[in-house]
Amino acid sequence: MNNARKVITGGALLALLLLGATWLHLAQAPVTGASPATTPLHLRFPVGERRTYHLDYTARTEVRLAGAPRDGAAMAGQAHFAGDLVLRSHPAQGTALRVGLSLENLRTHSLELFGHALLPDAAAVEATFAGREALLELDADGTLRAVAFQEGDPSLFKNTMQALAGELQWALRDGDTFQVDETTSRGGARAEYTRLDGDTLPARFLKRRLAYPEPRGMGTGSGAVEVDSRFEVTLDAGGVLERLVGEERVLRRPAGGGEPTATAHVQLRLEPGARGRFTVAQAPADVALQRLAPGELVTDARVQERMLAQQVDGLTPERFFELMEKYANGGTFPEHNHFLLQATGLLEQQPELCARLADFFQQSTLKPRGRALVLDLLAGAGTPDAQAALVRALSSPQALAEPAYGMLLSRLSLLTSPTPDTVRFIERAHLTARDDTRVATSYALGATAGALYRQQQDGESLAAVQRLESELHTARTPESKAHLLLALGNAGLEAQVDVITQYTQDPDAQVRRASARALRKIQTPQALRSLLTLAEDPQAPVQSSALTALGRRPLDDSALRQLRDLALAGNVPLENHHTLVSVVEPYVQRTPEVRQLLQHLLTHDAADAQLHMRIRGLLGT
């Protein structure tokens, strides 16, 4: 199940993440609290120097997929490594500093997935780690640019090093407090560093990850993601990591609260050991290395098979089509969500079933609700075979004859890894579509072309997004402008931010609201500024959309002060209070402004008992 399984791909625990993850490109965040008059700090790790650290690392992740039985086993894994972690300074390549990362003398080497030991004995540990080294590519300020491996290194080694590299990140900046973006195996996070002594090196910092706007490996949904993170980082006079101790917990709760649907817990202790020298060899040529972005993991076929088997949970093709014949027209199945989880896994496990399902779609006895369900299953599987079946089903006479054809087409927006052929199909459909169907094709074209461009950076998918931009420029009615803005928002490309922000001051509230929603995926300073302006909009629906989009990105202290001032001025209507609390919730322990905002909401005359209970829980009162 391609789409459903992406909720755990790239998650916090090593073993849970051997499935593979997509590239994640995060620009270094603007630094706050830095003094422009000071000389930037630079990492100085002498080439040929070797440093050994005493490592104790534990991690556990547990995820309950949507649709799984409440009493069923969660997808879980855990890791515990204790031994020597070694850093070695290699010659730089271009502007990138290269530091080798390896594990030696492992006294504890526990790594489990679904109760299965991936490192069952000393022989497995030797085969995975002995003589192997990852190369961290760093900027002079400590920013982790990439992690490189020999092509023949085992995937288990690569993913273990990637997870450790994410936890070992440190940053060199001036100022008593500063923030940067970091990528861990749990996703992109905003990290805050606070100096604990002095203003030069060596130095100690308190490091806290404040928020994961789009966490990986933590399930999906609109529920709150809670982060409790605290690490003490010690850097030596050269800006090199000397000591790192701390832990982090990340929870995702369902919308409306309740028990967590996903948890991740990491504990790390890295203490200094021996220093020495090593003989520097010629740096390996790039052609011999596999370079991975921070947090990007590689596929392990055995783990994929094991996960699919658990997801399918015994469902056979015969039973699948028997259930489809019996229940599809009604739109629901016994244990409906569990069946959907099984069925999408089965379609990925046995891809030839996708073509059979496209044939089933064209049966004359199938009603519109049943046809929509077939498309949901194919979109949920999301594989190339499933997408080919989707296109065939949507091109059939039975689909084209449906009055609600646009509703059927909208299923394509659910694809997270669209193929070029899928995007071409939607673009062709968009050229001839009219009225509601054209709205549906514009949304689907934005979503799929944007996703494909982020993955492949190809000109064809970018041109498809630019077609929507051109249509926006010629749109005449507020309704058509709003629809096209939402289509560009589905694409989520930073290159469109100038176009979208032109409409944040439109006289029509519908257009302004659409511009706020269109900025939800774009993580640039310009997008943040525009959303903060829209959060002051006198129309409550516009403000609500702006606040919701703000909740999808890290917020600095300046942004939080603006939201506090907005609330204290009485410019947030009651209907938006819950949304505002959700936006500031991750920062309640960080800045006094957030507590002031929450305390003000408690004094509001028209008491909302549920909201007040929620706020008191956050304030600990």
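Residues numbered from 1 in each chain as written. Predicted model: local features only at pLDDT ≥ 70, side-chain atom pairs only at ≥ 80, totals over all residues. Heavy atoms only, no water.

(A) Geometry of the overall build of the protein chain. Scanning the protein chain from terminus to terminus reveals 23 helices and 13 strands. At a minimum sequence separation of 6, the contacts of the protein chain that also span at least 24 residues come to 68%. Here the protein chain displays about 26,000 Å² of accessible surface, and carbon together with sulfur accounts for 51% of that area. (Helix = DSSP H or I, 4+ residues; strand = E, 2+ residues; numbered from the N terminus. Contact = heavy atoms within 4.5 Å. Areas by Shrake-Rupley, 256 points an atom, 1.4 Å probe, with all protein chains shown as cover.)

(B) Geometry of the packing of helix 18 (residues 525-534) against helix 19 (residues 540-550). Put simply, helix 18 and helix 19 touch, their axes get as near as 8 Å, and they point 145 degrees apart. In this structure, the crossing between helix 18 and helix 19 has a hand that is left-handed. In this structure, helix 18 contributes Leu528, Leu531, Leu532 and Leu534 to the contact, and helix 19 contributes Val542, Gln543, Ala546, Ala549 and Leu550. Residues belonging to the contact of helix 18 with helix 19 are distributed by class as follows: eight nonpolar, one polar and no charged. (Axes fitted to C-alpha atoms, helices over the stretch in contact; angles between N-to-C directions. Left-handed = near helix turned anticlockwise from the far one by under 90°. Nonpolar A, V, L, I, M, F, W, Y, C, P; charged D, E, K, R; others polar.)

(C) Layout of the nonpolar core. Counting 105 residues, the largest nonpolar core has Phe320, Met324, Leu357, Leu550, Leu563 and Leu598 as the members making the most contacts within it. The leading source of residues in this core is helix 8 (residues 368-381), at eight residues. Counting residues in each nonpolar core, the second largest holds 56 residues, with Leu43, Leu87, Leu168 and Val240 among its members. (Core = buried A, V, L, I, M, F, W, Y, C linked by side-chain atoms within 4.5 Å. Buried < 20%, exposed > 50% of the residue type's maximum accessible area, 1.4 Å probe, protein only.)

(D) Broad picture of helix 12 (residues 420-432). Under the 1.5 Å per step criterion, the end-to-end length of helix 12 is 19 Å for 13 residues, consistent within 8% with the ideal 18 Å. Every buried residue of helix 12 is listed here: Thr422, Val423, Phe425, Ile426, Glu427, Ala429 and His430. Residues of helix 12 that are buried sit in contact with helix 9 (384-394), helix 11 (405-409), helix 13 (435-456) and helix 14 (459-474). (Expected span 1.5 Å × (residues − 1).)

(E) Spatial organisation of the pattern of salt bridges. Tallied over the full model, the rule gives 37 salt bridges. Residue Arg243 pairs with Glu232 through a salt bridge whose shortest N-O separation is 3.7 Å. Taken together, the positions of Arg243 in strand 11 (residues 241-252) and Glu232 in strand 10 (residues 225-235) put the pair eleven residues apart, joining distant regions of the chain. For Glu232, a relative accessible area of 27% puts it in the partly exposed group. (Salt bridge = Lys/Arg side-chain N within 4 Å of Asp/Glu carboxyl O.)

(F) Structural view of the packing of helix 7 (residues 352-361) against helix 9. Relative to each other, helix 7 and helix 9 sit at 20 degrees, their axes nearing to 8 Å. Judged by the angle between their axes, helix 7 and helix 9 are roughly parallel. Relative to helix 9, helix 7 is oriented so that their crossing is right-handed. Across the interface between the two elements, Cys354, Ala355, Ala358, Asp359 and Phe361 of helix 7 pack against Asp385, Ala386, Ala389, Arg392 and Ala393 of helix 9. (Parallel < 35°, antiparallel > 145°, perpendicular 65-115°, else oblique.)

(G) Just the side chain of Glu271, in detail. Tracing the backbone through its elements, the reader meets Glu271 in strand 12 (residues 262-277). Polar contacts involving the side chain of Glu271 include one to the side chain of Arg269, which spans 2.5 Å. Other than its neighbours up to four places away in sequence, Glu271 contacts Tyr53, His54, Glu242, Arg243 and Val245. (Polar contact = N/O pair within 3.5 Å; in protein donor to acceptor, adjacent residues only side chain to side chain.)

(H) Examining the packing of aromatic side chains more closely. For the coordinates displayed, the defined rule picks out eleven aromatic pairs. Seen from their ring centres, Phe129 and Phe157 are 6.1 Å apart, and the 70 degrees between their planes marks the pair as edge-to-face. Taken together, the residues Phe129 in helix 2 (residues 122-129) and Phe157 in helix 3 (residues 155-168) connect sequence positions 28 residues apart. Like Phe129, the residue Phe157 is buried in the burial classification. (Phe/Tyr/Trp six-rings, centres within 6.5 Å; stacked < 30°, edge-to-face > 60°.)

(I) Representation of unusual backbone geometry within the structure. With an omega of -5 degrees, the peptide bond between Leu201 and Pro202 qualifies as cis. Here Asn105, not a glycine, exhibits a phi torsion of approximately 50 degrees, which is positive. Within the secondary structure, Asn105 sits in strand 3 (residues 96-113). According to the relative accessible area criterion, Asn105 is exposed, its value standing at 56%.

(J) Molecular detail of the confidence of the model for the protein chain. Overall, the predicted model of the protein chain reaches an average pLDDT of 87, with 88% of residues at or above 70. When the criterion is pLDDT under 50, residues 3-39 qualifies, and its contacts beyond four places in sequence or with other chains add up to 145 contacts. (pLDDT = per-residue confidence, 0-100.)

(K) Structural detail: helix 6 (residues 336-349). Given a rise of 1.5 Å per residue, 14 residues ought to cover 20 Å, and the 20 Å separating the end C-alpha atoms of helix 6 matches this to within 8%. For helix 6, the buried fraction is high: ten of the 14 residues fall into the buried class. Taken together, the buried positions of helix 6 are His338, Phe339, Leu341, Gln342, Ala343, Thr344, Gly345, Leu346, Leu347 and Glu348.

(L) Structural detail: the side chain of Arg173. Checked against the element boundaries, Arg173 lands in the loop between helix 3 and strand 7 (177-184). What makes Arg173 buried here is its relative accessible area of 8%. Here Asp141 takes part through its backbone oxygen, which lies 3.2 Å from a polar atom of the side chain of Arg173. Here Thr143 takes part through its side chain, which lies 3.5 Å from a polar atom of the side chain of Arg173.

(M) Inspection of the environment of Leu85 at higher detail. Position of Leu85 among the secondary structure elements: in strand 2 (residues 75-93). Sequence spacing of Leu85 and Arg51 is 34 residues, and the spatial spacing of their C-alpha atoms is 8.4 Å. Setting aside residues up to four positions removed in sequence, Leu85 forms contacts with Arg51, Thr52, Tyr53, Leu55, Leu101, Ser102, Leu103, Leu168 and Leu270.

(N) Structural view of the pairing of strand 11. The pairing of strand 10 with strand 11 spans eleven bridges and is antiparallel. Bridging across to strand 11, Val233 finds its partner in Leu244. Here strand 10 hands over to strand 11 after five residues, with Gly239 in that stretch at a positive phi of 80 degrees. Pairing between strand 11 and strand 12: nine bridges, direction antiparallel. Note on strand 12: the bridge partner recorded for Glu247 is Gln267. (Pairing = 2+ DSSP bridges.)

(O) Main features of the environment of Leu373. Position of Leu373 relative to the elements: it lies in helix 8. Classification of Leu373 as buried rests on a relative accessible area of 6%. Put simply, Leu373 and Gly331 are 42 residues apart on the chain and 6.5 Å apart in space, counted from C-alpha to C-alpha.

(P) Quick peek at the environment of Lys207. Locating Lys207 in the fold gives a position in strand 9 (residues 203-211). In this structure Lys207 comes out as buried when scored by relative accessible area, which is 1%. Within the structure, Lys207 has its side chain in polar contact with the side chain of Glu182 (distance 3.0 Å).

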